Amino acid sequence: MTSEAQPTPREAHPSKGTLRVVQLYPREMNIYGDWGNALVLQQRIRWHGYTPELLEYNVGDDFPEDVDILVGGGGQDSGQLVIQDDLQARAEQLKQLADGGAPMLVICGLYQLFGKFFKTSTGPTIPGIGILDVETHGTDERLIGNVIMKSAEFGDILGYENHSGQTTLGPGVEPLGTVTKGAGNNSKDGHEGARYNNVVASYLHGSLLPKNPAIADFLIRTAAERKFGTFVPGTPDDDYARLAREHAARRPR
Ligand code: GLN
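Residues numbered from 1 in each chain as written. Predicted model: local features only at pLDDT ≥ 70, side-chain atom pairs only at ≥ 80, totals over all residues. Heavy atoms only, no water.

## What to know about the overall build of the protein
Heads up, the rule is: Starting at the N terminus, helices and strands are each numbered in turn, a helix being any DSSP run of H or I of at least four residues and a strand any DSSP run of E of at least two. In this setup the radius of gyration rests on C-alpha atoms only. A globule is expected at 2.2 Å times the number of residues raised to 0.38. Classification of residues uses two cut-offs on accessible area relative to the type maximum, computed with a 1.4 Å probe and protein chains only: under 20% is buried, over 50% is exposed, and between them is partly exposed. Accessible areas in this description were obtained via Shrake-Rupley with a 1.4 Å probe; residue shielding takes into account the shown protein chains only. We treat Lys and Arg as the positive residues and Asp and Glu as the negative residues; His and chain ends play no part in the count. A single reference atom marks each charge: NZ on Lys, CZ on Arg, CG on Asp, CD on Glu.
Assigned secondary structure in the protein consists of 8 helices and 12 strands. The globule rule puts the C-alpha radius of gyration for 253 residues at 18 Å, and the 19 Å found for the protein is close to it. Projected onto the principal axes, the alpha-carbon positions of the protein cover approximately 75 × 45 × 30 Å. Looking at the protein residue by residue over its 253 residues, the buried ones come to 50%. Accessible area for the protein stands at about 11500 Å²; split by element, carbon and sulfur atoms hold 51% of it. For the protein, the separation between the mean place of its 24 positive charges and that of its 32 negative charges on side chains is 5 Å.

## Things to note about the site of the ligand
Our working definition: Whether a residue is near a molecule or strand depends on its heavy atoms: it is near if one of them lies within 4 Å of it. We call two N or O atoms a polar contact when they sit within 3.5 Å, provided that within protein one can donate a hydrogen and the other can accept it, with sequence-adjacent residues counted only if both atoms are side-chain atoms. Classes in brief: Ala, Val, Leu, Ile, Met, Phe, Trp, Tyr, Cys and Pro nonpolar; Asp, Glu, Lys and Arg charged; the others, Gly included, polar.
Close to the ligand lie 16 residues, the nearest being Gly75, Asp77, Cys108, Gln112 and Gly165. At 2.9 Å, a backbone N or O of Gly75 approaches an oxygen atom of the ligand. Between the ligand and the protein, one listed contact pairs a nitrogen atom with a side-chain N or O atom of Asp77 at 2.4 Å. Computed on the free molecule, the ligand has an accessible area of 300 Å², of which 97% lies beneath the protein chains in the complex. Going through the elements one at a time, helix H3 (77-89), helix H5 (108-114) and strand E8 (155-169) are the ones with two or more residues in the shell around the ligand. Ranked by the residues each element gives to the shell around the ligand, the list is headed by E8, at 4 residues. Grouping the constituent residues of the shell around the ligand by class yields 3 nonpolar, 11 polar and 2 charged.

## Here we look at the packing of helix H2 (residues 35-47) against helix H7 (residues 213-228)
The test is simple: Only C-alpha atoms enter the line fits that serve as axes; for helices the fit covers just the stretch in contact. Angles between N-to-C directions range over 0 to 180 degrees. In these notes the angle categories are as follows: under 35 degrees is roughly parallel, over 145 is roughly antiparallel, 65 to 115 is roughly perpendicular, and the rest is oblique. Left-handed is the label given to a crossing in which the near helix is rotated counterclockwise from the far helix by less than a right angle, and right-handed is the label when the rotation is clockwise. Any two residues whose heavy atoms approach within 4.5 Å at even a single point are treated as in contact.
With their axes 10 Å apart at the nearest point, H2 and H7 run at an angle of 65 degrees to one another. Taken as axis vectors, H2 and H7 run roughly perpendicular relative to one another. Judged by the sense of rotation from one axis to the other, the crossing of H2 with H7 is right-handed. Listed contacts from H7 to Val40, Leu41, Arg44 and Ile45 of H2 are Pro213, Ala216, Asp217, Leu219 and Ile220. Here the residues of the contact of H2 with H7 are counted per class, giving 7 nonpolar, no polar and 2 charged.

Below, the structure written as structure tokens:
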């Protein structure tokens, strides 16, 4: 037996650099498994040969420095009311990040609050931070079920929606996709989600990224290019993503 130390995997494959992922308000805004989006980013960053750092930002926390990717999930109207003041206090910082090209993924409740406002059906209007040119009106109709949409950028996107707020897009954003199953932003125009700069917004939970790795890799590629000037992809294991997509596509509405 040789006493020579074997190289550790880290030494054999030195990290291409650290990418810091910040999850916004996971305490209140994290329903239907939205946490899974942060976990997928963490794992795929590793698979691509970079080092992930996953941080949480909750109401009252110091805002982390050097954010590379931001993710935020959905929440009940009551959760949105809890975070609204803190979110307004962070509006300028978040706007600068979005305008500067930081990659972000916001789902459902935070998608709504990244827009201009969410007028709830029970009364209060929750102001948004206006990164996205969208507005949301609460209704008595709840849009629930599995969704499939076509996106020129990411191919077919699959997920699950559950919201009573209905969102309409202004001229400052593009839709993320066009639904072929389900409702999406509202019960009328067939659009789902919104795209602005490197911000991806969607109503879809499930969570979204395990079934849609093309979106995860877009966020990682964009973050790496901004930070290091280039993205050198690794070899992610997409078997489970493929199975999850096949399974989700077969589910009824
Ligand atoms: N409370 C919001 C609505 O019902 C958002 C719901 C969610 O994030 N799933 O429209």
